[in-house]
Amino acid sequence: MDSELIAVSIDGKEVKVSPGTTVLEAARAVGIHIPTLCHHDDLCSEALYSQTSSTPHQGEHSHQHEESAMLSTPSSCRLCLVEVEGLPKLHASCALPIHNAMTVRTTSTAIRHARRDILELMMSEHYGDCFACARNGTCELQKLCADYGVTSERFGRPHEPLFEKAEAGNIIVRDQNKCILCRRCVRMCALYQGVYALTTEGRGDHSRIATFMGREMQDAACINCGQCINRCPTGALSERDDTEAVWHAIEDPDKLVVIQTAPAPRAAIGEAFGCEPGTPLTFQMNTALKRIGFDKVFDTNFSADLTIMEEGSELISRLYKALVLKDNSAALPQFTSCSPGWIKFIEHFYPQYLPNLSSAKSPQQMMGAVLKTYFAEKNGWDPSKIVSVSLMPCTAKKFEAGRPEMDSSGYRDVDYAITTREMARMFKQAGVDVPKLDKTDFDSPFGTPTGSGVIFGATGGVMEAALRTVLEIVTGEKVESMFDHADIKPVRGFDGVRMAEVKIEKVGPVPEILSHLVADFEWLKGATLRVGLAHGTVNAIRVMKDIEEGGPLSKCHFIEFMACPGGCLGGGGQPIPTDQDIRAARAKALYSEDAAYVVRKSHENEDVLRIYREFFKEGPCSHKSHELLHTHYKERV
Amino acid sequence: MDPKTVRGFVGNKLSFSEVAPKDGIRMAAEMAPEDVVAIIGASGLRGRGGAGFPTGKKWEFARSQEGTPKYTICNADEGEPGTFKDRLILTDFPELVFAGMAIAGRAVGAEFGILYLRAEYGWLRDHLEAALERCRGANLLGKAILGNKEFNFDIAIRMGSGAYICGEETALLESLEGRRGDARNRIPFPVQAGYLGKPTTVNNVETLAWVPCVLVKGPSWFAAMGTRKAPGAWLFSVSGDCKRPGIYEYPFGTSLRQILSDVGAENAKAVQVGGASGTCVPPAQFDRTLSPGDLATGGSIIVFGPGQDMFAVAENFQHFFADESCGQCIPCRVGNQRLLEAIGRMRKDGLDTDGERNVRQLAQTMTVASKCGLGQMSARAFLAILNNFSGELPGRA
Amino acid sequence: MDAQQTLRTEVEQLVRVHGRGRTALMPILQDLNRAHSYISEDAMLAVSDALNVPRAEVYGVATFYSYFSVKPRGTYVIRVCRTISCAKQPDYHPAIAALFDELGIGFGETTSDGIFSLEQTNCAGMCDQGPSMMVNEDVYIHLTEASVRTILNECRHAALAAKKAQ
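Residues numbered from 1 in each chain as written. Chains lettered and ligands numbered in written order. Predicted model: local features only at pLDDT ≥ 70, side-chain atom pairs only at ≥ 80, totals over all residues.

Enquirer: Which residues make up the overall build of chain A, and what values do they have?
Expert: Assigned secondary structure in chain A consists of 21 helices and 17 strands. Its C-alpha atoms give chain A a radius of gyration of 25 Å, within 12% of the compact-globule value 26 Å for 637 residues. When its C-alpha atoms are laid out on the principal axes, chain A stretches across 80 × 60 × 45 Å. A burial count over chain A gives 54% of its 637 residues as buried. For chain A, long-range pairs separated by at least 24 residues make up 77% of all intrachain contacts whose partners lie at least 6 apart in sequence. (Helix = DSSP H or I, 4+ residues; strand = E, 2+ residues; numbered from the N terminus. Rg over C-alpha atoms; globule rule 2.2 N^0.38 Å. Buried ≥ 20, exposed ≤ 12 C-beta atoms within 10 Å, placed from the backbone. Contact = placed C-beta atoms within 7 Å.)

Enquirer: Hey, could you go over the sheet that holds strand S2 (residues 13-17) of chain A for me, with residue numbers and the actual values?
Expert: Residues and elements named next belong to chain A. Judged by pairing direction, the sheet is mixed, and its five strands sit side by side in the order S2-S1-S5-S3-S4 without closing on themselves. Of all strands in the sheet, those with a lone pairing partner are S2 and strand S4 (91-92), marking the two edges. Pairing of strand S1 (residues 6-10) with S2 involves five bridges; the strand directions are antiparallel. Each residue of the ladder has a partner; that of Val8, found in S2, is Val15. (Pairing = 2+ DSSP bridges.)

Enquirer: Explain the interface of chain A and chain C residue by residue, including any values.
Expert: On the side of chain C, 14 residues touch chain A, which itself brings 17 residues to the contact. The set of elements that each furnish at least two residues to the side of chain A that touches chain C consists of helix H3 (62-71) and strand S7 (199-201) of chain A.

Enquirer: So what's going on with the domain arrangement of chain A? Residues and values would help.
Expert: Residues and elements named next belong to chain A. Domain annotation for chain A reports domain 1 (243-302 + 364-436) and domain 2 (308-360 + 450-629). For domain 1 and domain 2, the distance between their C-alpha centroids amounts to 24 Å. Of all the secondary-structure elements, those providing two or more residues to the side of domain 1 that touches domain 2 are helix H9 (263-266), helix H11 (300-324), helix H13 (363-379), helix H14 (396-402) and helix H15 (420-429). Among the elements that line the side of domain 1 that touches domain 2, the one with the most residues is H13, at five residues. Grouping the constituent residues of the side of domain 1 that touches domain 2 by class yields 19 nonpolar, nine polar and four charged. (Domains from an automatic or database assignment. Nonpolar A, V, L, I, M, F, W, Y, C, P; charged D, E, K, R; others polar.)

Enquirer: Please give an account of the interface of chain C and chain B that cites residues and values.
Expert: With 32 residues of chain C at the interface, the matching set in chain B holds 40 residues. Elements supplying a minimum of two residues to the side of chain C that touches chain B: helix H2 (25-36), helix H4 (55-64), helix H5 (84-87) and strand S5 (138-140) of chain C. Ranked by residues supplied to the side of chain C that touches chain B, first place goes to H2 of chain C with four residues. Looking at the side of chain C that touches chain B residue by residue, the class counts come to 18 nonpolar, nine polar and five charged.

Enquirer: Describe in detail the nonpolar core, supporting the description with residues and values.
Expert: Nonpolar side chains tend to gather and get buried jointly when the protein is soluble and globular. All names here are of chain B. Among the nonpolar cores identified, the biggest contains 367 residues, and Val97 and Ile385 are the most heavily contacted of them. The element best represented in this core is helix H5 (residues 94-108), accounting for ten residues. Beyond its immediate sequence surroundings of up to four residues, Ile385 is in contact with Cys280, Met310, Phe311, Val313 and Ala314. (Core = buried A, V, L, I, M, F, W, Y, C linked by C-beta atoms within 7 Å.)

Enquirer: For the confidence of the model for chain C, give the residues involved together with the corresponding values.
Expert: Of all residues in chain C, 99% have pLDDT values of 70 or greater, and the mean over the chain is 96. Scored as a whole, the predicted complex attains pTM 0.95, and scored at its interfaces, ipTM 0.97. (pLDDT = per-residue confidence, 0-100.)

Enquirer: Any chance you could break down helix H6 (residues 125-137) of chain B for me, citing the residues and the numbers?
Expert: Residues and elements named next belong to chain B. The first and last C-alpha atoms of H6 sit 18 Å apart over 13 residues, in line with the 18 Å expected at 1.5 Å per residue. Buried residues of H6: Leu128, Ala131, Leu132 and Cys135, and no others. Buried residues along H6 cover an arc of 105° about the axis, so they all sit on one side. Along H6, the residues that are exposed and aim more than 90 degrees away from the buried face are Ala130, Glu133 and Gly137. Residues of H6 that are buried make contact with helix H4 (85-92), H5 and strand S3 (154-159). At the C-terminal side of H6, Asn139 shows a positive phi close to 60°. (Expected span 1.5 Å × (residues − 1). Arc of directions from axis to C-beta.)

And the structure:
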């Protein structure tokens, strides 16, 4: 509907907006910044609708109802107060939709005083020093206190902690001494992730953010995705800090400390050093990692390619079992398994679908397993002396690295998983200004990745990489003959749930590397390969619901799930802030990096082919690869 | 238990006793819905919950909404300290309240009503259910009420579970929908998007009880009771240091002094008008009148006798607000805690100029910045006490 | 049937009365709270599954309202009104002293025999007839030291009789 624009005057500036636009949004459109600590661009209604148009939880309507209430901003911090001509009191601009012409003032003595008082009230129950806080420098409360000159303690300050900081054992670490109860975390967890691990407990002076029964995060039905951390305006939420342990390993002369870096951090770490979002610093970061003392820097893209080989072969093998052998144990659609938040999500909420999960480990774990076996053997290293670190955009990777079953080589696959934020901090502690450094290549033998690995960092990337490989292997044709430049655009984008299909017109011979799995591909001739994608686990719920109802997604053969909105580039371990524009910029960086690679398909990666020649000699999904590169899952309550 | 055993004292004759609920419903059944709205509008009846919004106007808004179904809700979450008139009305005149709801339903186009009863009045529930059954039996509720095929209306009673904030209409709606009683943003208004997102009128018990009276006796009868600016009469809950606490009906414009004399509290040192979120009136202002233009009130009067420590009163009220704040917004949740602590400190150590400036500024911010009426009103009593009784603080004699 | 199964059956029965939508959440929690004096973790899980409301949400609601408790309470929950009109009555402090004395517990506590829990409540709406208190759903007015002792004794007898009858 083409509704009439409404003229509003904000601080004397005229602006025309469509009806329903909030005063906060209208003000921003004319360059007037109104402070807020509970509003977040990801949580405003427009972003929510585009991300999660319909989001039933476990198949019922009641949640939609719940969301309709949650969709409106809580207007709880009360910092975005403005004056409206003709109305008494002050009004929260985030909750003030424009339906009639109005005259608004966003600054006045009354407004400034109220905002300063509110900040001081927040500080009156805020325990903890800024300098000892993980959010020092990125804290929104700290910034506003500086802006509004909050220097006094008119309403007091706690001189001892009001809450115990729950560190031990938790990956998502909560420090309620810094919580302002803005509820961004609660809304993010519910609306984007569909997890509902968090709620507000109690009332009045007893209200606080809590899990069911006030449990520790590690005991809650939480998937460790860290999206709550990335929305927290203060240091009330952070990830477990593993940097000390990594420093310790680096400084230990007996250890060979190797790091693998995932694609998403390289597209985002620049933000922590003042770069525009979407500035790739891949090779500068390699220099930085070497400078602070890592012995080897490997590219997780190598194991991403390895994952594609294993997961793609598993898919072909499942399809063969299901379609040709009519074996019911081959569960379809096959689900991707590289997002550890998604894994814990399905273990908690859809355990009946665990057989659909690919048994392939994630690239992080594959790299870890290969490092302490193949790499160690090849270089004559004692695996017990290797400390395997990963740089990930992800907090759930810490949980994945710590899963007890991830040690089939006899050693932990990955010893420490570090987030982009933690790594930025380590660089800063070492005085390394990453953007200013020269470029360094990755170390071999895992140094020649493909473009397919890089795009793992974006929603749709795993699927695109898998399709590039599976299509070429099955048809024997170049994927470029099907998709220009091998860009499989139908699976790209940011829609919450997407589907695509490719008809297999002709088939080729089975390559040697897969000959142990199938004899020919004739059975796939004329078939249509259907794939699905979802990012943000609330969209995974939509997919699961559709599958349960026998909808189009139930007819898919392969579905990619990413726990975080936007995929890994929007991961819970990425620099703060993250919002839709920033995710889009990071995605652009990854796709342009992919386009620049000469080799863009996993099965053409020379290092991958070598590891199958030298180490996993029986090929993908064989006994040895199962032992080291595959895993299993369990139901959780 | 039998509600009559705790009925309490009623100081004068109540208008409600003069009207048969059935007569009100019959009139509504025989009238066009818009005429019902017009009569209520013409009477000048205003909401008795405290905010004083014109009832006719609210119904008109609700009536003009397109969404369906519409809902009519009776707010019986009477929780304002010092207020108990709804308790008496629900004890003595439940059918009148149900009639008011049915008439409201007829007026705005709602066929379903909910009476939200506070948990503390759980002992009234059986009594109310029995009254509902009587109404249904007499075809004052149900299908084709009193023969009008277009007049269908029934009522369900839903309970609160102990939360003062649920008397705030948007929090009440949240509670009815199975959520924490967090106040909603005021736009959209409940008449636009209320219960389950549908157009909803929320009216106070007393407001609804007046509705059949206005219909039966006419808007001019109602208007003649009060002043020109504030037509009608009001039920007052009187408690505290007086000889005859109880319920009294007064027309608007009655002076506080008149009421104090009727209830036997001539020696009052202060009167809290409007409950904890109301204001505290010193003797010098006892000639003020109870009406929207002067002492606006939720119908509650708490008398404080000569021996009363006024800052102990303020502390009691502030504790109430700190506990009953929904906890959502900072000015109310944290502001009430800090103000409560400040009152505790000033009772012990007095209040210096800096301290006074701080608490006044805090009270101001709570008033202008809080999300809902609870926070906006929560510093009122304290400010009135500070303005009129600061001499009671240590070192201030 | 184990305890958890019994609860699930009970919740299913309540669902038949109140429905399966989110609007049934409060009535169901109210019935559970009344029947058991509190809402247990298992009860919340059963409600969460039956109504398809996330468990954390159920917990958030159950902890918001002062009549609900997520911790075990006595058969009789006593709520003494602490608001001004009651709290300034001359009989207020003697009545409370009698409660403490009879029960041997403070506010927020439950007697070791599991019969009584003692709480404070904000305005019970009995300002004209205070001091007042609620015992479960019933309200008592004009409290005095003596009347408090009588009320408690009646409850105690009723509780013992009920136990015997079992």
